[in-house]
Amino acid sequence: MHDRQQRTATLDPAGQSDWRELREQGHRMLDDMFDYLEGLGGKPQGPVWQPIPASVRQQFREALPRQAGSLAQTHQTFMQSILPYAAGNAHPGFMGWVQGGGTPVGMLAEMLAAGLNANVGGRDQIPLDVERQITHWMRELFGFPSEASGIFVTGASTANLIGVLVARRRMLGAEVRSHGVQNALPRLTAYTSTAAHGCVKQAMDVAGLGEDMLRRIPINPDGTIHLPSLNAHIAADRAAGLQPFAVIGNAGTVDMGAIDDLTALADIAQREQLFFHIDGAFGAMAMLAPDLAPRLAGIERADSIAFDFHKWTQVQYDAGFILVRDGALHLDTFAAQEKTYLERAERGMAAGSPWPCDYGPELSRGFRALKTWFTFKVYGAEKLGRMISHTCALARYLQQRVEAEPALELLAPASLNIVCFRLRPPAQASGMPAQATADTDTDEINRRLLVAIQESGIAAPSSTRINGHLTIRAAIFNHRSTQDNIDAMLDAALRFGSALSVAPSAAQSAAQSASPSESK
Ligand SMILES: *Cc1c(COP(=O)(O)O)cnc(C)c1O
């Protein structure tokens, strides 16, 4: 091939001077991201989130670019039209759902992983050992035996699915892999609480077992699974000729951060010979915090644990993990019997079996372990644990403030780092005789209040339902959040709330005129 042809075919810069230009542009891009991250801790803080103008959205409706474009210009588009309109979970005012904030170290590690472009499905390469290192650390953290296996997945949704598939394999034997579940009789049933994340139900669906076969057991007022109901349901299912096969405990529910009595669940699983899986999506990482870890007692007895590094431990998206006590069973659930194309060897690049692709459905995989490894190496488990404890302290502070405000009502106390509250029904708040304010009205006022807070850019809580009531839910996951962010969110809630109670449309304009910097 001619040199010239080669030069035009490759996607790398053509020569030294092009490389120099790329290098300079790359440094500018890196600096822009450092500026962004540094700015998140500064004052005044920009908006957490802002509504997206139609003109911005329009830029992402163009035809396939046929011709080369400029990196510098494309980066400018990123700075102007992408960066300001993300959900804002890196921002300290972000308190919605369950999301991590990321770290500068994770960002840099992600860049290194991208440069290396390792495909960690298999082969004898050290990135697999980095991933195995994380498995070692997690065995240590959760008190799991040396036979325990683990792999990175996108997130806890996939990790929970893998947990259910391993449990299914244990119950139905190797045949389930060739025959499927079409003829499986008796029908299998699994158990979790009504507070479980929706992905658990979905896992039953995807595993071919059926969502209805997931028995959703009522919860106690504190959000934990009601054990007598669990026992009764298992007994009733057995009496009806069904086959209970798994119990799924929650270590940190999405609504309230409740942790089931994991020791009791382990006892029940043992007695009933059920596979004991735990959805510890965020809560499992509380093991890093000495003041919280005792509340997870019993987690060391689980058959598998699903969790995310991208939530409380702030690793860049995505970084979910599944840890399985019986590594051989895990392997039997996924490893292919015939490996012609992916044949293994004692030496050479095909050595080092088993590979990650033997522990899950994915073959090509990114190097998620690297950013997680960097995060633990650079910050250390103790500092991560202190940060986790600190978010819980902020949640307790928020709870105190809510309790001190007559206009607000606490709907769920801060079990961990999540607080649920709402604006009281207007009649109650103003001390008027308790008149039946329709609950739908209170829901509607709180729904508007939530939108007003989000659109103000001051903070971004989300919502959920507690006992059927719509509630504002502040989940403090971001390591950058401070007491100031809590105060700003609550002050905004009170300000917009009082406007809403007077005239529902007034809050909208109050929110529009408030700028984030004015919130302090
Ligand atoms: C976030 C979460 C999930 C889903 O995890 P992803 O990482 O988003 O796939 C499942 N369960 C709980 C309790 C969660 O908090």
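See the structure above.
In this report, we go over the structure that sits alongside the text. (Residues numbered from 1 in each chain as written. Predicted model: local features only at pLDDT ≥ 70, side-chain atom pairs only at ≥ 80, totals over all residues. Heavy atoms only, no water.)

**Some thoughts on the pairing of strand 9 (residues 408-412)**
The buried fraction of strand 9 amounts to four of the five residues, a majority that puts the element mostly inside the structure. Note that strand 9 and strand 10 (residues 418-423) share four bridges and pair antiparallel. In the sheet register, E409 faces strand 10, and the bridge partner there is R422. Taking the residues that link successive antiparallel strands as the turn, the strand 9-strand 10 hairpin has five residues. (Buried < 20%, exposed > 50% of the residue type's maximum accessible area, 1.4 Å probe, protein only. Helix = DSSP H or I, 4+ residues; strand = E, 2+ residues; numbered from the N terminus. Pairing = 2+ DSSP bridges.)

**Structural notes on unusual backbone geometry**
At the junction of Y317 and D318, the peptide bond is cis and its omega measures out at -10° in the coordinates. Turning to its location among the elements, D318 is positioned in the loop between strand 7 (304-308) and strand 8 (320-324). In this structure, the amide linkage connecting S353 to the following residue, P354, adopts the cis form with an omega of -5°. Structurally, the position occupied by P354 is in the loop between helix 12 (327-334) and helix 13 (368-404). Here N117, not a glycine, exhibits a phi torsion of approximately 55°, which is positive. Looking at the element boundaries, N117 is found in the loop between helix 5 (104-116) and helix 6 (126-142). Of note in this structure, Q273 is not a glycine but carries a positive phi near 55°. When you line up the elements, Q273 lands in the loop between helix 11 (262-272) and strand 6 (275-279). Of the residues examined, Q273 reaches a relative accessible area of 63% and is grouped as exposed.

**Describing the packing of helix 7 (residues 156-172) against helix 12**
Relative to each other, helix 7 and helix 12 sit at 95°, their axes nearing to 9 Å. Accordingly, the angle class assigned to the pair helix 7 and helix 12 is roughly perpendicular. Along the contact surface, helix 7 presents I162, L165, V166, R169 and R170, while helix 12 presents L329, H330, D332, T333 and F334. When the residues that make up the contact of helix 7 with helix 12 are grouped by side-chain class, the tally is five nonpolar, two polar and three charged. (Axes fitted to C-alpha atoms, helices over the stretch in contact; angles between N-to-C directions. Parallel < 35°, antiparallel > 145°, perpendicular 65-115°, else oblique. Contact = heavy atoms within 4.5 Å. Nonpolar A, V, L, I, M, F, W, Y, C, P; charged D, E, K, R; others polar.)

**Some points on the site of the ligand**
Around the ligand, the structure places 14 residues, and the nearest of them are S157, D279, D308, H310 and K311. Residue H310 places a side-chain N or O atom 3.0 Å away from an oxygen atom belonging to the ligand. Residues of the shell around the ligand, tallied by class, amount to six nonpolar, five polar and three charged. (Near = heavy atom within 4 Å. Polar contact = N/O pair within 3.5 Å; in protein donor to acceptor, adjacent residues only side chain to side chain.)

**Regarding the sheet that holds strand 9**
Read from one edge of the open sheet, five strands run 1-11-12-10-9, paired in mixed fashion. The open sheet terminates on both sides in strands that have one partner only, identified here as strand 1 (94-95) and strand 9. As paired elements, strand 11 (residues 460-466) and strand 12 (residues 469-475) share five bridges and run antiparallel to each other. From the neighbouring strand, T464 faces strand 12, where its bridge partner is T471. Packing against the sheet, helix 15 (residues 439-456) makes contact with strand 10, strand 11 and strand 12, and its axis sits at approximately 160° to strand 11.

Read these as spatial facts, not as claims about activity.
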